[in-house]
Amino acid sequence: MEKLSEETLMIQCAEAIVEIKDGFVYKRRIEKRYRVKEIDERIRRERTKSEAKIISEARRKGVPTPIIFDITDYELVMERIEGDLAREVINDAISERIGEFVGILHKNSIIHSDLTTSNIIVSTDNIIYFIDFGLSFIESSTEAKGVDVHVFFQSLRGTHESYEQLKRSFIKGYRRTFPNASHVLKRVKEIERRGRYVERK
Amino acid sequence: MTLILGLEGTAWNLSVAVVSEERVIYEAESTYKPEYGGIHPREAAQHHASELKNVVSRALRGAEGEGFSLEEIAAIAFSQGPGMGPCLRTVATAARALSIYLKIPLIGVNHCIAHIEIGRWQCGTKDPVVLYVSGANSQVLAYRFGRYRILGETLDIGIGNALDKFARYLRLSHPGGPKIEELASKGTKYVYMPYVVKGMDLSFSGLTTAAKDALDLHQHKKEDICHSFQETGFAMLTEVTERAMAHCCKDEMLLAGGVGANRRLQQMLKTMCHDRGARFYVPEAKYLKDNGAMIAYLGLLMLKSGDTTPIEKSAVNPNYRPDEVEVTWRDVE
Ligand SMILES: Nc1ncnc2c1ncn2[C@@H]1O[C@H](COP(=O)(O)OP(=O)(O)O)[C@@H](O)[C@H]1O
Ligand SMILES: [Mg+2]
């Protein structure tokens, strides 16, 4: 039977409102009253553009991301990925594949910046998609990659009991696709010692 | 009653205070004023050395004047870092001498955490995300698992130093921040400045360069440049603070550090908090700048949890990071 109107889902975070409707995802960066209009509009426009660019760039390098259908000043319209957040379904095999894809991102100097299991979707046809490139940037430094991986480990630690095993699987995948993995993983240990960055949701 | 004597002298303000559990009893200070340019660490340290005796005795006499006896002083607290090496060493030496002479414990405190704790005390905020902005530092912190964690920070210079650097370029006298604020309030036109936020980190060095160019190459009015400088730098700080609040699910925020006295920065943060249904806290100006009361107060908290510093562990640390400190005086959440 045909569904006449699908439910609309709205999610609000620090800088955007995400609306899921009719198979599309609308991500709109909202106005911030605390900053002058000149800055506010520039930043929202630049970030929207940059997110679209990096989402497409990641896909070109072989990392599954939603297709961007439209981009206006402050809004992205993209493909809706049907599936579950990695947070709900992660296991060793999935963690290893996540590691492979993050390895590809890093090989290409793409820093995601918010790698959590809530920003990864395992689709109904079992493909691992990366979303939310709102904070992403291009940088080749070991430190940036180390922080990226560290943030992911923190997100695992906060939400998954089998954290240690998931971490090992991730590392296996990460090493497979990224020749410089050892350097970065060494830096991750150092960052952990420094105690920087709290774990994220 | 338990009293603590606190000594602060990490930069240009030498400040000594006596604090009890109930209130700040007496504060005395002496400020080093460079004749030209910025702070010269060695000169500042010489200033502190020659003023220490005088400032300490003013604080002690002040406390006596309030009806307290010096016998009630239970410990000497001092800033162990971060700060300028020569200044830190001068004040630490005095603190050690006092501790030995009075036969009471010594407590080395982290200057940044002292800013946070006096803010929590004065404002009555329980568990805020903290924006700490001073000359050398710009950090966003939150308490998590027994430590103050740094969620984001500047990748190069602190916002205060960026402001001071540009102020010197405009030939304004030290400290330049308040003078820039004054000029900025008369600016109306926004001039392009680089807005650099990387994840949760920030960079301010490009601001100073852009401001100089706006003045020399493009001949913009200095009021407009100061306005644009503040608007850009403060918006970056506010954005990162908001992101930290969203990440940690905290609905209180506390402003700390000398740059916190800037009214435009306060206003931006207040607006941000208001729009997300959070509460904004800022202590009185005298507790935003470097002060002995915050050192004494953190010393008091540490003394109560048995956290004192043996002489052999009292060496100063100019790069002392707040997340190196195990917080013994708060509940592990
Ligand atoms: N392309 C998409 N397909 C399906 N769900 C999505 C998609 N993009 C976002 N979402 C959902 O919206 C949530 C928030 O989107 P996200 O891009 O991560 O923005 P935010 O910056 O708010 O975290 C995600 O956790 C996910 O549940
Ligand atoms: Mg997200």
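From a predicted model like this one, the values you see are computed outputs, not experimental measurements. Each chain carries its own residue numbering, running from 1 in the direction its sequence is written. Just so you know, chain letters begin at A and ligand numbers begin at 1, following the order they were written in. pLDDT decides what is reported in this predicted model: residues at 70 or higher carry local features, side-chain atom pairs at 80 or more are listed and counted, and totals for whole chains, interfaces and linings draw on all residues regardless.

Caption draft 1: View of helix H1 (residues 41–65) of chain B. Residues and elements named next belong to chain B. What counts as a helix is a DSSP run of H or I of at least four residues, what counts as a strand is a run of E of at least two, and both are numbered from the N terminus. Helix span is expected to be 1.5 Å times the residue number reduced by one. Given a rise of 1.5 Å per residue, 25 residues ought to cover 36 Å, and the 34 Å separating the end C-alpha atoms of H1 matches this to within 8%. To obtain the bend at a residue, axes are fitted to the seven residues ending there and to the seven starting there, and the angle between these axes is taken. Considering bend angle alone, the principal kink of H1 is centred on Glu51 and spans about 50 degrees. Residues Ala44, Ala45, His47, His48, Glu51, Leu52, Val55, Val56, Ala59 and Ala63 constitute the buried set of H1. Just downstream of H1 lies Gly67, where phi reads positive at about 95 degrees. Working definition of burial: number of other C-beta atoms within 10 Å of the residue's own, with buried at 20 or more, exposed at 12 or fewer, and partly exposed in between, all C-beta atoms being placed from the backbone.

Caption draft 2: Main features of the sheet that holds strand E9 (residues 128–130) of chain A. All names here are of chain A. Between any two strands, pairing holds if DSSP finds at least two bridges. Here we have three strands laid out as an open sheet, ordered E6-E8-E9, and antiparallel in their pairing. Edge strands, defined here as strands with exactly one partner in the open sheet, are strand E6 (83–85) and E9. Within this sheet the neighbouring strands show an average axis-to-axis angle of 30 degrees, counted without direction. Sheet analysis places E6 next to strand E8 (residues 120–123), joined by three bridges and oriented antiparallel. In the sheet register, Leu85 faces E8, and the bridge partner there is Ile121. Together, E8 and E9 form the strand contacts of helix H3 (residues 92–107), whose direction differs from that of E9 by roughly 45 degrees. Between the N-to-C directions of two axes lies an angle of 0 to 180 degrees, each axis being a line fitted to C-alpha atoms and, for a helix, fitted only over the stretch in contact. Placing C-beta atoms from the backbone, we regard two residues as in contact once those atoms come within 7 Å.

Caption draft 3: Molecular detail of the site of ligand 1. Residues and elements named next belong to chain A. Any residue whose backbone-placed C-beta atom lies within 6 Å of a molecule or strand is treated as near that molecule or strand. Near ligand 1 lie 19 residues; those nearest to it are Cys13, Val18, Pro66, Ile81 and Asp132. Within the residue set of the shell around ligand 1, elements represented by two or more residues are strand E2 (16–21), strand E3 (24–29) and strand E5 (75–79). Of the residues in the shell around ligand 1, the class split is 12 nonpolar, three polar and four charged. The domain boundaries here were taken from an automatic or database domain assignment. Split by domain, the shell around ligand 1 shows at least three residues from each of two domains, domain 1 (9–79) and domain 2 (83–194). Asp, Glu, Lys and Arg are counted as charged, while Ala, Val, Leu, Ile, Met, Phe, Trp, Tyr, Cys and Pro are counted as nonpolar; the rest, among them Gly, fall into the polar class.

Caption draft 4: A look at the domain arrangement of chain A. Residue and element names in this part refer to chain A. The assigned domain composition of chain A is domain 1 (9–79) and domain 2 (83–194). Taking the mean C-alpha position of each, domain 1 and domain 2 sit 22 Å from one another. Residue-level contacts link 14 residues of domain 1 with 13 residues of domain 2. Here the element with the most residues in the side of domain 1 that touches domain 2 is helix H1 (residues 37–60); it accounts for six residues. Broken down by class, the residue content of the side of domain 1 that touches domain 2 amounts to seven nonpolar, two polar and five charged.

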